[in-house]
Amino acid sequence: MIMRLVFIGVILLLIELYAFQAVKTITKERWILIAYQVVSFLAFVYILYGFSQFDRKVGQNAQSLFTIGLFLLMLVPKLLVAVILLGEDVYRMFATIIAYFTQTDSIAEAIPSRRKFISQIALGIAAIPLTSLLYGMTKGKYNYKVIRQTLFFPDLPESFDGMTITQISDVHSGSFDNPEKIEYAIDLVNQQQSDLVLFTGDIVNTHATEMHPWIDTFRKIHTPKFGKYSVLGNHDYGEYVDWPSQSAKEENFKAIKDLYRQIDFKLLLNENVKIKQGDEEIALIGVENWGVKFKQAGDLNKASEGIKKEDFKILMSHDPSHWDAEVQHHENHYHLTLSGHTHGLQFGIEIPGVIRWSPVQYVYKQWAGAYQNLGRYIYVNRGFGFHAYPGRVGIWPEITVIQLKKGQIVA
């Protein structure tokens, strides 16, 4: 552990030295250089203090969120500067060797000076993630987007042709700090006037008490004609902190499950309900969390008891790795799975029809939006809230509206 910390410390020191070299190359103003060093030092001290204060009994709170945000603000831009200047140093090394053997016998004379325009380019590029991260922490985390998706199913019962579903996921209420923005988001949910509202888990970061200030707000979500239903996410089990006793953990879990009742959502715990319209019906199935790398409390077979293969099915399963591992090829033919969990890593680039990228795609095959295999769909919601990094860059908080249509699959 000590050697690992020393290694990390050396890397961070090298990054800081490169960043300072870039600043020093483009300006000789003493006050600017001193101000840069003072700000960097104070930020570094606060980050060390913030991480040292993290309490495994408390979990994530406002201070830890800010500490992570500040750490990324200091690290990411400087890392880019370091990479660019390291590239320049590789060039300078080869230029030195060539000059030494062809132009001079002095190593000192052979070493080319650091070029000012390279440092200017490095700092200009570093300004992009710096401003993006700042925007993500101040505005982006509440930049709610309503994303609409129409899905076609040949065997959708006629009575449900045109049915609309509003999905929210990954609320993480313990991270909220702006009641006005949350009220606005709930208004957006209600404006969709969908037939069914579904919540695919993670109502808190860890503790049930995190949701208490927001219960009245989320209770304002209108109950549509087919109701409001929810499932649990991995954070709803309270497994990311140290509890004083097993009974305390169990009491918290019980309280978290009751939160869904308090906001008027029916929590499905490995069970299903039939939604009826006239003489026809569809099955809504809810499993507890099941993830390849996370808690596997979900029991698809138990949740599907009484469901026939020919029934039209909507499955709520928080973690999309469940679909990839078990659901998409299941003989029961689950028509539509709704998930969340990934948050799109709260960082990426999305330009419709052009590019959709996030580092999380290297971990999850299905990480944001709709995916289809042999007529079976999964939709992965990008998340309503935020966790760890107190912001969002490029992957905005999402309210999903899905319309079900009877007909052949449209590519």
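Now for a look at the structure at hand.

Let's talk about the sheet that holds strand β6 (residues 271-277)
Step number 1: In spatial order, the strands read β6-β7-β8-β9-β13-β12; together these 6 strands make up an open sheet with mixed pairing. Strand pairing shows two members of the sheet lacking a second neighbour, β6 and β12 (369-373), which therefore form its edges. Direction aside, neighbouring strands of the sheet carry axes that sit 20° apart on average.
Step number 2: Relative to strand β8 (residues 313-316), strand β7 (residues 280-286) is paired through 4 bridges, and the arrangement is parallel. Across the sheet, the residue bridging to Ile-285 is Leu-315, located in β8.

Here's the deal with the packing of aromatic side chains
Step number 1: Overall, the coordinates contain 19 aromatic pairs when judged by the stated rule.
Step number 2: Residues Tyr-237 and Phe-253 carry aromatic rings whose centres are separated by 5.0 Å and whose planes lie at 25° to one another, so their mutual orientation is stacked. On the criterion of sequence distance, the pair formed by Tyr-237 in the loop between β4 (228-230) and α8 (246-262) and Phe-253 in helix α8 is long-range, its members being 16 residues apart. Phe-253 shares its class with Tyr-237; the two are buried.
Step number 3: One aromatic cluster in this structure is built from Tyr-142, Tyr-144, Phe-176, Trp-214, Phe-218, Phe-384 and Phe-386.
Step number 4: Positioned above the aromatic ring of Trp-367, the side-chain terminus of Arg-356 is 5.4 Å from the ring centre.

Some remarks on the nonpolar core
Step number 1: Core analysis: the biggest nonpolar cluster contains 32 residues, and Phe-176, Ile-182, Ile-203, Met-211, Phe-218 and Phe-384 have the highest contact counts within it.
Step number 2: Among the elements of the structure, α6 (179-191), β3 (196-199), α7 (215-218) and α8 are those that each provide at least two residues to this core.
Step number 3: For this core, the element with the highest residue contribution is α6, accounting for 5 residues.
Step number 4: Here Phe-218 is in contact with Val-171, Phe-176, Ile-182, Ile-186, Met-211, Ile-263 and Phe-384, once residues within four sequence places are set aside.
Step number 5: Met-163, Ile-165, Tyr-229 and Ile-314 belong to the second largest nonpolar core, which has 25 residues in total.

Focus: the pairing of β6
Step number 1: Across 7 bridges, the pairing between β6 and β7 is antiparallel. Each residue of the ladder has a partner; that of Lys-274, found in β7, is Ala-283.
Step number 2: As consecutive antiparallel partners, β6 and β7 are separated by 2 residues, and within that stretch Gly-278 has a phi angle of approximately 65°, a positive value.

So, helix α3 (residues 62-102)
Step number 1: Relative to the 60 Å expected for 41 residues at 1.5 Å per residue, α3 spans 60 Å between its end C-alpha atoms, a close match to the ideal helical length.
Step number 2: Residue Asn-61 occupies the N-cap position of α3, its side-chain oxygen lying 3.2 Å from the main-chain nitrogen of Gln-63.

Quick notes on the sheet that holds strand β5 (residues 266-267)
Step number 1: With respect to topology, 6 strands assemble into an open sheet ordered β1-β14-β2-β3-β4-β5, the strand pairing being mixed. With one partner strand each, in any of the chains shown, β1 (145-153) and β5 form the two edges of the open sheet.
Step number 2: Direction of pairing for strand β2 (residues 164-168) relative to strand β14 (residues 398-406): antiparallel, over a ladder of 4 bridges. Across the sheet, residue Thr-164 finds its bridge partner in β14, namely Gln-403.
Step number 3: The strands touched by α6 are β1, β2 and β14; relative to β14, the strand with the most contacts, the crossing angle is about 10°.

Some remarks on the side chain of Gln-167
Step number 1: Within the element layout of this structure, Gln-167 appears in strand β2.
Step number 2: When its relative accessible area of 1% is taken as the criterion, Gln-167 is described as buried.
Step number 3: Every residue in contact with Gln-167, bar those within four places of it in the chain, is listed here: Leu-198, Thr-200, Leu-338, Ser-339, Tyr-379, Asn-381, Ile-399 and Thr-400.

Quick look at the pairing of strand β13 (residues 376-380)
Step number 1: Most of β13 sits inside the fold, with 5 of its 5 residues counted as buried.
Step number 2: Covered by surrounding structure in β13 are Arg-376, Ile-378 and Val-380 together with Tyr-377 and Tyr-379, the residues of both alternating faces.
Step number 3: Relative to β13, strand β9 (residues 336-339) runs parallel, the two being bridged by 4 bridges. Within the sheet, the bridge partner assigned to Thr-337 lies in β13 and is Ile-378.
Step number 4: With 5 bridges connecting them, β12 and β13 associate as antiparallel partners. The residue bridging Gln-372 from the neighbouring strand is Tyr-377, located in β13.
Step number 5: As consecutive antiparallel partners, β12 and β13 are separated by 2 residues, and within that stretch Leu-374 has a phi angle of approximately 55°, a positive value.

Topic: the packing of helix α2 (residues 30-52) against α3
Relative placement of two packed helices is described by the angle separating their axes and the distance separating the axes.
Step number 1: As a packed pair, α2 and α3 sit with axes 9 Å apart at the nearest point and diverge in direction by 140°. Considering their axes alone, α2 and α3 lie oblique with respect to each other. Relative to α3, α2 is oriented so that their crossing is left-handed. Where α2 approaches α3, its residues Tyr-36, Ser-40, Ala-43, Tyr-46, Ile-47, Tyr-49, Gly-50 and Phe-51 are matched on the opposing element by Gln-63, Phe-66, Thr-67, Ile-68, Leu-70, Phe-71, Met-74 and Lys-78.
Step number 2: Along the lines of polarity and charge, the residues of the contact of α2 with α3 split into 11 nonpolar, 4 polar and 1 charged.

Looking at helix α5 (residues 116-138)
Step number 1: A rise of 1.5 Å per residue sets the reference length of α5, with its 23 residues, at 33 Å; its end C-alpha atoms lie 33 Å apart and thus fit the reference within 8%.
Step number 2: Within α5 the residues assigned to the buried category are Ile-118, Ser-119, Ala-122, Ala-126, Pro-129, Leu-133, Gly-136 and Met-137.

Description of the environment of Ile-84
Step number 1: Note on placement: Ile-84 falls in helix α3.
Step number 2: Look at Ile-84 and you get partly exposed, because its relative accessible area is 24%.
Step number 3: For the pair Ile-84 and Ala-126, spaced 42 residues apart in sequence, the C-alpha separation works out to 9.9 Å.

A few points about the pattern of salt bridges
Step number 1: Scanning the entire structure with this criterion turns up 19 salt bridges.
Step number 2: Across the pair Asp-161 and Lys-405 runs a salt bridge whose closest N-O atoms are separated by 3.6 Å. Here Asp-161 is found in the loop between β1 and β2, whereas its partner Lys-405 is found in strand β14, with 244 residues between them in sequence.
Step number 3: Across the pair Lys-276 and Glu-281 runs a salt bridge, and its minimum N-O distance is 2.5 Å.
Step number 4: Judged by its relative accessible area of 54%, Lys-276 is exposed.
Step number 5: For Glu-281, a relative accessible area of 27% puts it in the partly exposed group.
Step number 6: By sharing partners, the salt bridges in this structure join Glu-88, Asp-89, Arg-92, Arg-114 and Arg-115 into a single network.

Conventions we followed
Residues numbered from 1 in each chain as written. Predicted model: local features only at pLDDT ≥ 70, side-chain atom pairs only at ≥ 80, totals over all residues. Heavy atoms only, no water. Pairing = 2+ DSSP bridges. Helix = DSSP H or I, 4+ residues; strand = E, 2+ residues; numbered from the N terminus. Axes fitted to C-alpha atoms, helices over the stretch in contact; angles between N-to-C directions. Phe/Tyr/Trp six-rings, centres within 6.5 Å; stacked < 30°, edge-to-face > 60°. Buried < 20%, exposed > 50% of the residue type's maximum accessible area, 1.4 Å probe, protein only. Lys NZ or Arg CZ within 6 Å of the ring centre and 35° of its normal. Core = buried A, V, L, I, M, F, W, Y, C linked by side-chain atoms within 4.5 Å. Contact = heavy atoms within 4.5 Å. Expected span 1.5 Å × (residues − 1). Polar contact = N/O pair within 3.5 Å; in protein donor to acceptor, adjacent residues only side chain to side chain. Parallel < 35°, antiparallel > 145°, perpendicular 65-115°, else oblique. Left-handed = near helix turned anticlockwise from the far one by under 90°. Nonpolar A, V, L, I, M, F, W, Y, C, P; charged D, E, K, R; others polar. Salt bridge = Lys/Arg side-chain N within 4 Å of Asp/Glu carboxyl O.

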